[in-house]
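# Structural overview for review
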Amino acid sequence: MMKVKVQFMTTSCLFCRIASGELPAHRLYEDAYILAFLDLHPIRAGHALVIPKAHHVWFEDLPEDLATRITTCAQRLARRMKVFYDVERVAMLYTGIHVPHAHAHVVPMHHVHDVTSQAYLLDGIDDYVTPPQLPVAEMEEIARQLREE
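Here is a short report on the structure shown in this document.

How each quantity is defined
- Residues numbered from 1 in each chain as written.
- Predicted model: local features only at pLDDT ≥ 70, side-chain atom pairs only at ≥ 80, totals over all residues.
- Heavy atoms only, no water.
- Helix = DSSP H or I, 4+ residues; strand = E, 2+ residues; numbered from the N terminus.
- Buried < 20%, exposed > 50% of the residue type's maximum accessible area, 1.4 Å probe, protein only.
- Patch = residues over 30% accessible without salt bridge, like charges linked within 9 Å, V, L, I, M, F, W, Y side chains within 5 Å.
- Areas by Shrake-Rupley, 256 points an atom, 1.4 Å probe, with all protein chains shown as cover.
- Salt bridge = Lys/Arg side-chain N within 4 Å of Asp/Glu carboxyl O.
- Core = buried A, V, L, I, M, F, W, Y, C linked by side-chain atoms within 4.5 Å.
- Contact = heavy atoms within 4.5 Å.

### Let's talk about unusual backbone geometry
For Asp 86, which is not glycine, the phi torsion reads 55° and is therefore positive. When you line up the elements, Asp 86 lands in the loop between helix 2 (64–85) and strand 4 (89–94). On the basis of relative accessible area, Asp 86 is assigned to the exposed category, the value being 70%.

### Quick word on a nonpolar patch on the surface
A cluster of nonpolar side chains, Leu 134, Met 139, Ile 142 and Leu 146, forms an exposed patch at the surface whose accessible area comes to about 380 Å². Following the sequence through the fold, Leu 134 ends up in the loop between strand 5 (104–109) and helix 3 (136–147). For Leu 134, a relative accessible area of 39% gives the class partly exposed.

### Side note on the nonpolar core
Within the largest apolar cluster, 17 residues are counted, with the highest numbers of intra-cluster contacts made by Val 50, Leu 77 and Val 106. In terms of residues, this core owes the most to one element, helix 2, which gives 7 residues. In this view, Leu 77 contacts Leu 28, Ala 36, Ala 48, Val 50 and Val 106; residues no more than four positions away in its chain are not counted.

Rendered as structure tokens:
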């Protein structure tokens, strides 16, 4: 049983308006807690978004069972995308750049760099530049800080 902390939809949030049915969307899946629909500005055809219907701004604030429900939906969509688009992999990522409502992107990857930052593609899409590695001591310090509670 889902135990979702109730977050009311907002009238100013684009995704809340889509979830409520106020704005149209090409819906792929829906239940009482989440909605999956096609992205209006896709990286590739079939690029989908999976959102909680309740308003949560940051993905790290999603209740664990709701985040799991989103991931499970994304996995189902990814399996369908692999068959439909004949692709080897499908990316799933949370960004939250343009709409302040937690949302997962599910992207069929036709090219290995479909979700790569353009900063690494300065010499062209087939000339990926590996980011420089941080010094070991710095990585150890970062790891130590991220492990602390």
